[in-house]
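Residue-level structure breakdown
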Amino acid sequence: MTCDDVRVALSARLDGEDPQTSSAVLDAHTDSCPGCRSWLARAEQVTRLTRLRPVRVPDLTASVLSAVAAERAAARATADAAVRARRQLLRVAVAVAAVAQLAVALPVLVGGFEVGADAHTSREMASFDVALAVGFALAAWRPERARAFLPVALVLALCLAATSALDIANSTTALVHEAGHLAAVVQAGLLWALGRSGGEPDRPLGLAVAAGRG
């Protein structure tokens, strides 16, 4: 084999390819040929440097952190939007219930219509209903005040539920006559949910009124 043939075979062996010649023949030639031995040393050095050359990897730390921060911000924005939507829905529900309550109480208070009692007692009960409606209206207008008014609504709902159950058990009234008191329980539940909705104080709810006693 000529030196050129040996060097081609040695190059193939360095690249992991088949040199088409036995290693013993190649090693015997490089041991006896200073030129090929020197060429092999340089080739091995070049091959080693090529394989050990550092690969430039771009620094993605900033972009990864930015993407994570953007994802978290989007998740917080979605959660905040859901809370605001739920809170607004509760405010509207309380306001609608208030309008209905005032529509029932004001004619009795102003017009003197009797509702299951004499006119004086009916007006007293209507005054009580209107006063409660004003309290609920403030809660719908300023939801951060809902918790302050919640004990009144809860006590009213519990008392009405207890007395209705007692009167029904004693047969002094019928269930159908006491069904209206369920409104007080619903109103207390809405107020409790509104108080727990949290968040920053909302803007006043235009023309918002809230429910009183049913």
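The shown structure was predicted, so the numbers you read here are calculated from the model rather than taken from an experiment.

Section: the overall build of the protein chain
Of regular secondary structure, the protein chain possesses eight helices and zero strands. Listed N to C, the secondary structure of the protein chain is α-α-α-α-α-α-α-α in terms of helices and strands. For the protein chain, buried positions account for 29% of its 214 residues. Within the protein chain, residue pairs in contact and separated by at least 24 positions form 74% of the contacts whose partners lie at least 6 positions apart. Only carbon and sulfur atoms are counted for the fraction: they give 64% of the accessible area of the protein chain, which is about 13,800 Å².

Section: the side chain of His29
In this fold, His29 is placed in helix H2 (residues 23-32). For His29, a relative accessible area of 16% puts it in the buried group. The contacts of His29, once residues within four sequence positions are left out, are Met1, Cys3, Val6 and Cys36.

With respect to a nonpolar patch on the surface
Side chains of Leu60, Val64 and Val68 sit close together on the surface and give an oily, nonpolar patch of about 240 Å² of accessible area. By the secondary structure assignment, Val64 is in helix H4 (residues 61-111). Residue Val64 is classed as partly exposed on the basis of its relative accessible area of 46%.

As for the side chain of Arg91
By the element assignment, Arg91 lies in helix H4. Accessibility expressed as a relative area gives 2% for Arg91, which makes it buried. A polar contact of 3.2 Å, which involves the side chain of Arg91, links it to the backbone oxygen of Trp141.

So, unusual backbone geometry
Unusually for a residue other than glycine, Gln20 sits at a positive phi of about 65°. Looking at the element boundaries, Gln20 is found in the loop between helix H1 (3-14) and H2. For Gln20, a relative accessible area of 66% corresponds to the exposed category.

Brief notes about H2
For H2, the full list of buried residues reads Leu26, His29 and Thr30. The buried residues of H2 all sit within an arc of 95° when viewed along its axis, so they share a single face. Every exposed residue of H2 that faces more than 90 degrees away from the buried side is listed here: Ala24, Asp31 and Ser32.

As for the confidence of the model for the protein chain
Scored by pLDDT, the protein chain comes out at a mean of 76, with 79% of its residues at no less than 70. Within the protein chain, H2 carries the highest mean pLDDT (85), whereas helix H7 (residues 175-178) carries the lowest (54). Counting interchain partners and residues more than four positions distant, the pLDDT-below-50 stretch residues 199-203 has eleven contacts.

What counts, and at which threshold
- In every chain, residue numbers begin from 1 and rise along the written sequence.
- The predicted nature of this model means local features are confined to residues of pLDDT at least 70 and side-chain atom pairs, given and counted, to a pLDDT of 80 or more, with totals for whole chains, interfaces and linings taken over all residues.
- Where side-chain values are given, they derive from all heavy atoms of the structure, hydrogens and water being excluded.
- Where helices and strands are cited, they refer to DSSP runs of H or I of at least four residues and of E of at least two residues respectively, numbered from the N terminus.
- The buried label goes to any residue with under 20% of its type's maximum accessible area, the exposed label to any with over 50%, and the partly exposed label to all in between, with areas taken from a 1.4 Å probe on protein chains only.
- Contacts were defined at the residue level, with two residues in contact if any of their heavy atoms lie within 4.5 Å.
- All accessibility values rest on the Shrake-Rupley procedure with a 1.4 Å probe; residue burial counts only the protein chains present in the view.
- A patch consists of residues whose relative accessible area exceeds 30% and which take part in no salt bridge; residues with like charges are grouped when within 9 Å of each other, and nonpolar side chains (Val, Leu, Ile, Met, Phe, Trp, Tyr) when within 5 Å.
- Put simply, a salt bridge is a Lys or Arg side-chain nitrogen that is within 4 Å of an Asp or Glu carboxyl oxygen.
- Counted as a polar contact is a pair of N or O atoms within 3.5 Å, where, for protein atoms, one must be capable of donating a hydrogen and the other of accepting one, and residues adjacent in sequence contribute only when both atoms are in side chains.
- By definition, the arc is the one covered by directions from the helix axis to the C-beta atoms.
- Confidence of the predictor at the level of single residues is captured by pLDDT, which takes values from 0 to 100.

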